[in-house]
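So you can see what is in the structure, the chains are spelled out below.
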Amino acid sequence: MIKPPPLRNDCFALPAGTHWTPVDEALATLRDRLAPITGIENLPLDHALGRVLAADVTALRSNPPLPNSAVDGYGFAGPMPEGAQVLPLIEGRAAAGIPFEGVVPAGAAIRVLTGAALPSGVDTVILEEDVTCDTFQVAFHGPLKKGANARRAGEDVQLGDIVFSQGRVVTSADLALAAATGLSELPVREQLRVGVLSTGDELIEVGQEAGKGQIYDANRPMLLGLLRQMGFAAVDLGQVKDNRDALEARLNSSASKVDVILTSGGASAGDEDHVSALLTEKGAIQHWRIALKPGRPLALGMWQGTPVFGLPGNPVAALVCTLIFARPTMGLMAGAGWAAPQGFLVPANFEKRKKPGRREYLRARIRNDQVEVFASEGSGRISGLSWAEGLVEIADDAAHIQPGDMVRFIPYSSFVM
Ligand code: AMP
Ligand code: MG
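Everything numeric in this text was worked out from a predicted model, so none of it was measured.

Student: Would you take a moment to explain the site of ligand 1 for this structure?
Tutor: Around ligand 1 lies a shell of 14 residues, among which Glu-202, Asp-217, Ala-218, Gly-266 and Gly-313 are the nearest. Between Gly-266 and ligand 1, the recorded distance is 2.8 Å, taken from a backbone N or O atom to an oxygen atom. Taking Asn-314, its main chain carries an N or O atom lying 3.2 Å from an oxygen atom of ligand 1. Compared with its free state, where it exposes 490 Å², ligand 1 has 74% of that area covered by protein. Across the shell around ligand 1, the residue classes tally to five nonpolar, seven polar and two charged.

Student: Just to check I follow, could you spell out the side chain of Lys-352 for this structure?
Tutor: Tracing the sequence through the fold places Lys-352 in strand E23 (residues 352–353). Polar contacts involving the side chain of Lys-352 include one to the side chain of Glu-360, which spans 2.7 Å. Not counting residues up to four positions away in its chain, the partners in contact with Lys-352 are Glu-360, Leu-362, Glu-377, Ala-399, His-400 and Ile-401.

Student: Where do I start with the sheet that holds strand E7 (residues 124–127) in this structure?
Tutor: In space, the six strands of this open sheet follow the order E7-E4-E6-E5-E9-E8, with mixed pairing throughout. Here the strands that pair on one side only, and so sit at the sheet edges, are E7 and strand E8 (132–133). Here strand E4 (residues 73–76) runs beside strand E6 (residues 109–112); their pairing, made up of three bridges, is antiparallel. Note on E6: the bridge partner recorded for Tyr-74 is Arg-111.

Rules used throughout
Residues numbered from 1 in each chain as written. Chains lettered and ligands numbered in written order. Predicted model: local features only at pLDDT ≥ 70, side-chain atom pairs only at ≥ 80, totals over all residues. Heavy atoms only, no water. Near = heavy atom within 4 Å. Polar contact = N/O pair within 3.5 Å; in protein donor to acceptor, adjacent residues only side chain to side chain. Areas by Shrake-Rupley, 256 points an atom, 1.4 Å probe, with all protein chains shown as cover. Nonpolar A, V, L, I, M, F, W, Y, C, P; charged D, E, K, R; others polar. Helix = DSSP H or I, 4+ residues; strand = E, 2+ residues; numbered from the N terminus. Contact = heavy atoms within 4.5 Å. Pairing = 2+ DSSP bridges.

Below, the structure written as structure tokens:
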């Protein structure tokens, strides 16, 4: 007769004497092993948003290109000494895009408008609110420094300056800077193509009639959406059953179509964990035992030269592993360099005890300047992923977090480039 195994106090205890790789060590390994793989293309500015720059980019023009007025007012040669000043006004004016072509004699002033190139003989401007004037003269109080209310040519950017560094992900503000400095296209990396494959006999597609024991594939829409937000080209590789041959065939047909494959499900060492078994058999680099919750198991392998992240099936663990491991790795492969997510120290409003020696991520959000965590740590609680606005990172060596302790909150937005 068989007996049930003895109960354990802590079913998450790390097995004694076995090495569990700390998260940072696992990340350092990935960082060392991978490199950019994407090609380079030039794209017009209106297609470059969110793309990774393939090279340093230099300004083709200074900003501003010419000295110009920062205000509406009157321009002359500065400085002006203390006391009442009365200057003769010369005829004409300088406006944005409509320069004054003549020369303003020393001691005279001219009407200038914001953005107007400063006429020859003008380097200083007085605000129109600070003067009285008639058709022939302008009067105001000194002193006024030379260059007041004027913008120097190139004070923002000089022709030939490096405006963007290689690896930068182009923002909308960057498009403004590129346009202002005379750039009409940018050298960018082609998008990294990332395939998403779900595995499991229980999975069905949304919209299908669910039979007994079947569940809708939740990981695939989540991961495809996340990848698009991260700026990658997300490729839907569909679902496969828990069947070794079917999985092998799908990986074979996918490997040449994409640069990276994310699978979910079947990554542990169980009877139906075919991703793990297949990767181990056919060239996995590593079966990772990472000191992380939620997260294990994670199977990492190369399939015909294409890296495969065998993510856990639990949606919470699948998301955490994607954010923590896959995302910086994919960023590196995409040419953006290795980027750690930006976190913020915020006081906790919760209490939590944990085993030291393991990193934990909890679904979290900030309310009233404090971090709150989702009521359940259950790895299948998809509602908590949706409730959360980020993750709180509990350090490897922490054992007891109390309300008021500072914890590191990482907004979801910090993970998308
Ligand atoms: P596995 O990693 O295959 O053992 O799956 C762990 C848990 O995650 C099981 O409860 C699965 O039913 C569930 N699961 C696996 N894949 C998905 C998926 N694509 N969507 C939702 N749940 C899943
Ligand atoms: Mg499964």
